[in-house]
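Fold and geometry: a report
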Amino acid sequence: MPLPVSPEVLIVLGTRPEAIKLFPLIQRLQDHPRLRPVVVTTGQHKELVDYVLQEAGCEVAGDLGVGRPGLTLNQLSSSVIAGLDEFVTGRYGPPPERISGRVREDHYPAGCIVHGDTSSAAAAAVAAFHLRIPVLHVEAGLRTGTTLTPFPEELNRQLVARIASFHAAPTRANVQNLVREGVDIGRTFVTGNTGIDALRWAAAREVPYGRPELAWLEDDATSPVVTVTAHRRENWGAGIASIARSVHRLADAHPDVRFVVPVHPNPRVAQTVHDELGAVDAVTLTAPMEYHTFARLLARSTLVITDSGGIQEEAPALGVPVLVARTTTERTEGVEAGTLELVGTDADTIVDAATRVLTDPAAHAAFSRQPNPYGDGHAAERIVDAVEHLVFNSPVPHTSGPGFVRAQVLEWAGFRRTDAIEGPTFVREPTPVDHVPQDLDGVVIAPKSTVDPYDKGTE
Ligand code: UDP
């Protein structure tokens with residue numbers, strides 16, 4: 001029986017960062033002539049997620065309604081598993097037991113994309129595995145190496161890595177982490193971080209700031225702007241106070257410079273910042289900003305002082321130097337590349353480093369001319385090209401790291417290689433739903449392929 005020619009790719013997301021980092025991928029799949037995205041939200045950060053997806057023009061096919069406050073991790077995980085099961089079986093019928101069709105003609109989803117390290121992503125990966133849908137992991141391979149830190153994210157990343165057939169890793173170092181854990185290098189792909197694609201798109205839209213305290217920014221295209229964010233737990237108290245003091249000193253010393261500080265609502269942060277900076281003319285305090293306007297502010301900035309993780313990846317993508325107000329960072333690639341400088345929270349050190357960047361064009365250029373190790377804004381394009389290659393056997397996409405091997409990905413996903421009359425193809429293995437082997441007699445373990453013999457057979 002002829003089956004649909006536009007395979008659907010499920011994308012499951014729940015939190016705002018997931019929506020931000022997946023919308024570029026959804027946009028590309030929406031524009032793709034042969035693949036169709038089916039976006040499923042879990043309902044966790046419903047309003048924030050809906051806002052980001054709506055702004056990006058992404059359609060949502062289903063919401064699992066897992067938005068009740070106070071859910072435990074186990075309640076959340078089991079609700080996501082049950083909800084996704086219901087959504088998939090409702091839309092596609094039960095998991096295939098005897099389907100054997102070419103990958104691209106299979107009526108069942110071609111894959112399920114999950115992102116990063118949330119418990120909902122891990123739960124969605126488990127559900128997809130049970131439903132025989134190949135899992136594709138975006139932002140794969142980040143590791144601290146300590147299973148309980150951060151909790152539960154580190155283990156979630158490792159769980160998804162065990163399940164995923166295909167791993168889209170932002171950097172080569174991420175691929176190394178995966179290979180160290182036994183993932184075939186042929187199932188990994190260095191793509192850059194889709195967060196950089198998102199940021200560039202959002203910054204270019206120039207969404208109005210829409211706040212009275214930022215009205216001056218709409219008209220002022222010339223004053224140097226320093227954007228400051230600080231809210232990490234380790235900086236609560238003395239650290240935040242010291243960062244705020246350094247901003248006060250910088251404002252006094254550089255009357256031509258304007259400072260914008262989106263203040264985290266946590267009272268332990270907000271009170272300290274308001275006490276130090278509330279009456280300083282050159283400093284604009286504002287509430288946390290919507291992602292699209294914050295991206296615009298970053299693009300307009302001369303310098304960023306922050307303790308945020310994500311901003312350390314984002315600002316350099318826009319050529320903006322970053323002083324990291326922390327003593328350590330897991331973004332070591334940025335420090336090595338020279339796009340970040342670790343300054344800690346000592347006020348003298350921050351003031352000295354900021355003064356150099358604000359007064360010496362060569363010092364500014366030393367940051368802004370470096371390529372951003374976290375991505376070039378084309379990660380979503382690479383991932384969609386990879387999915388297309390996996391599904392249609394189209395030409396192998398260009399990668400900035402080691403290449404990947406279609407046969408390895410498909411075999412891990414449960415497809416079996418055949419040589420059908422129409423040419424080499426993969427068929428989906430029957431699901432052994434009722435069969436529990438009594439012993440291992442007669443079980444043949446096929447050798448893993450190391451090359452893709454079908455690379456040349458493009459459509
Ligand atoms: N961000 C935002 N509005 C703000 C400040 C930050 O949308 O006022 C975005 C920022 O662009 C980045 C993310 O929030 O994508 C970073 O959040 P945060 O610093 O809270 O977390 P971390 O990256 O440290 O986990």
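Anything mentioned here points back to the structure above.
Figured I'd write up the structure that's included with this text. (Residues numbered from 1 in each chain as written. Predicted model: local features only at pLDDT ≥ 70, side-chain atom pairs only at ≥ 80, totals over all residues.)

1. Here we look at the overall build of the protein
When its secondary structure is counted, the protein shows 17 helices and 15 strands. Counting only residues that meet the buried cut, the protein has 47% of its 459 residues in that class. Sequence separation of at least 24 residues holds for 67% of the intrachain contacts in the protein that already meet a minimum separation of 6. (Helix = DSSP H or I, 4+ residues; strand = E, 2+ residues; numbered from the N terminus. Buried ≥ 20, exposed ≤ 12 C-beta atoms within 10 Å, placed from the backbone. Contact = placed C-beta atoms within 7 Å.)

2. Let's talk about unusual backbone geometry
Cis geometry is adopted by the peptide bond preceding proline 150, which originates at threonine 149 and carries an omega value of -10°. Positionally, proline 150 belongs in the loop between strand S5 (135-138) and helix H5 (153-163). The amide bond that connects phenylalanine 151 to the next residue, proline 152, takes the cis arrangement and shows omega of 0°. Tracing the sequence through the fold places proline 152 in the loop between S5 and H5. Although it is not a glycine, arginine 132 sits at a positive phi angle of roughly 65°. Along the chain, arginine 132 falls in the loop between helix H4 (119-130) and S5.

3. Structural notes on the nonpolar core
Among the nonpolar cores identified, the biggest contains 120 residues, and Ile11, Phe23, Leu84, Cys112, Ala124, Ile305 and Ala354 are the most heavily contacted of them. A per-element tally of this core places helix H16 (residues 379-392) first, with eight residues. Counting only domains with at least three residues in this core, you end up with domain 1 (8-192 + 378-428) and domain 2 (211-366). Apart from residues lying up to four places away in sequence, alanine 354 is in contact with Val226, Leu250, Leu303, Ile305 and Leu323. (Core = buried A, V, L, I, M, F, W, Y, C linked by C-beta atoms within 7 Å. Domains from an automatic or database assignment.)

4. Digging into helix H10 (residues 267-277)
Listed as buried for H10 are Val269, Thr272, Val273 and Leu277. Buried residues of H10, viewed axially, fall in a sector of 100°; they line one side. What points out from H10, more than 90 degrees from its buried face, is the exposed set Pro267 and Asp275. Considering only its buried residues, H10 is in contact with helix H9 (238-253), strand S9 (258-262) and strand S10 (283-286). (Arc of directions from axis to C-beta.)

5. Remarks on the site of the ligand
In the vicinity of the ligand, the residues found are Ile20, Thr229, Pro262, Pro288, Met289, Tyr291, Phe294, Ser308, Gly309, Gly310, Ile311 and Glu314. For the shell around the ligand, the secondary structure elements donating two or more residues are helix H11 (291-300) and helix H12 (310-317). In terms of residue count, the dominant contributor to the shell around the ligand is H12 (three residues). A breakdown of the residues in the shell around the ligand according to their chemical character gives seven nonpolar, four polar and one charged. (Near = placed C-beta within 6 Å. Nonpolar A, V, L, I, M, F, W, Y, C, P; charged D, E, K, R; others polar.)

6. Examining H16
Counted at 1.5 Å a residue, the expected span for H16 with its 14 residues is 20 Å, and the 20 Å between its end C-alpha atoms agrees. What H16 keeps buried is the set Ala379, Ala380, Arg382, Ile383, Val384, Asp385, Ala386, Val387, Glu388, His389, Leu390 and Val391. (Expected span 1.5 Å × (residues − 1).)

This is a description of form; function is not addressed.
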